[in-house]
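Listed below, chain by chain, are the residues.
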Amino acid sequence: MPQSVTVGQDARSIAVLAREGKGPPVVWLGGFKSDMRAIKATALDEWAERNGRAFVRFDYSGHGESGGAFEEGTVSRWLEDALAVIERFVRERPILVGSSMGGWISLLAARHLMEKRPDLAPAGMVLIAPAVDMTERLMWSRFPEDLRRSIQETGVFHRPSAYSDDPYPITLNLIEDGRRHLLLDRPIQTGCPVHILQGMEDPDVPWSHALELVEHLPGDSVSLTLIKDGDHRLSRPEDIERLIAAVAAIA
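Calculation rules
- Residues numbered from 1 in each chain as written.
- Predicted model: local features only at pLDDT ≥ 70, side-chain atom pairs only at ≥ 80, totals over all residues.
- Heavy atoms only, no water.
- Helix = DSSP H or I, 4+ residues; strand = E, 2+ residues; numbered from the N terminus.
- Buried < 20%, exposed > 50% of the residue type's maximum accessible area, 1.4 Å probe, protein only.
- Polar contact = N/O pair within 3.5 Å; in protein donor to acceptor, adjacent residues only side chain to side chain.
- Core = buried A, V, L, I, M, F, W, Y, C linked by side-chain atoms within 4.5 Å.
- Contact = heavy atoms within 4.5 Å.
- Expected span 1.5 Å × (residues − 1).
- Pairing = 2+ DSSP bridges.

Identification of the protein chain as Palmitoyl-protein thioesterase ABHD10, mitochondrial from Microvirga arabica is taken from an unreviewed UniProt entry.

Shown next, in the form of structure tokens:
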């Protein structure tokens, strides 16, 4: 059964699955509209169980088993969720594993922790198709002018998804809040090794986006694995093997 932590002025309940173990705790930060019981997170939990490793996974507000409405979600809100979970369930410098939007949240969390909680600043990061600055680079800048105008007028766009029967609501509040957290306009400091896994057949986060991120990580040890036939999810058995190997190498 998940534990929970209460976050924010609205006292939303964030569901957390925390496994005790040795070594730097591995913390899973999922993607936009994903949840902590998805394939990659579950595979990492099984690896952690086999190896006696500490592992923490959680659902952002409005996702999975956590409270709150998805439509109220913003980068600020989900970052606050992540930081609350790390500060409540992690006792030493963790390894952050961020998938898609979780890659962006991981980098933002690292910046905050280095400044405010250096004892919990990440010891390493593994980023899977990191959707850094996604609200601006991968959403707003790709939207045609008439769609932008519609979002500004109605406050929301229900975007069809290849990963769900239900469309994803993209709110004007999400777009505008995302601009407070853009990273690709300056060097990004993580203070730890970073390994990026990126599919070259990814329709959502192009591999050129991963290359641009690498260019913005000048001061850190960075590895980039491009998977020629890899899609966005990178959830095939061979992709899971790469993910586990990357985490184990840093751990």
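From this point, the discussion proceeds with the structure in view.
> Can you break down the environment of R19 residue by residue, with the values?
By the secondary structure assignment, R19 is in strand β2 (residues 12-19). In this structure R19 comes out as partly exposed when scored by relative accessible area, which is 26%. Between the alpha carbons of R19 and L243 there is a distance of 19 Å; along the sequence they are 224 residues apart. Engagement of the side chain of R19 in a polar contact is seen with the side chain of D45, the distance being 2.9 Å.

> Got a sec to walk through the nonpolar core? Specific residues and values, please.
Counting residues in each nonpolar core, the largest one holds 59 residues, and the members touching the most others are F32, I105, I170 and L213. It is helix α2 (residues 75-89) that provides the largest number of residues to this core, a total of nine residues. Dropping the residues within four chain positions of it, L213 is found in contact with L107, L127, P130, V132, L184, I188 and I196. In terms of nonpolar packing, the next biggest core, distinct from the first, is built from 20 residues, W28, W47, L234 and L243 among them.

> Give a description of helix α1 (residues 39-51) that names residues and reports values.
The end-to-end C-alpha separation of α1 is 18 Å, in line with the 18 Å expected for 13 residues at 1.5 Å each. Along α1, the residues that are buried comprise K40, A41, A43, L44, D45, W47 and A48. Tucked into the core, α1 has its buried residues touching β2, β3 (22-29), β4 (53-58), β5 (95-99), β6 (124-128) and α8 (237-250). The positive-phi residue at the C-terminal boundary of α1 is G52, with phi of around 65°.

> How would you explain the pairing of strand β1 (residues 3-7) if you had to name every residue and give the values?
Bridge count for β1 against β2 is five bridges, and the pairing is antiparallel. Directly across from S4, in β2, lies its bridge partner A15. Following β1, the chain reverses through four residues before pairing antiparallel with β2; G8 in that reversal takes a positive phi of roughly 80°.

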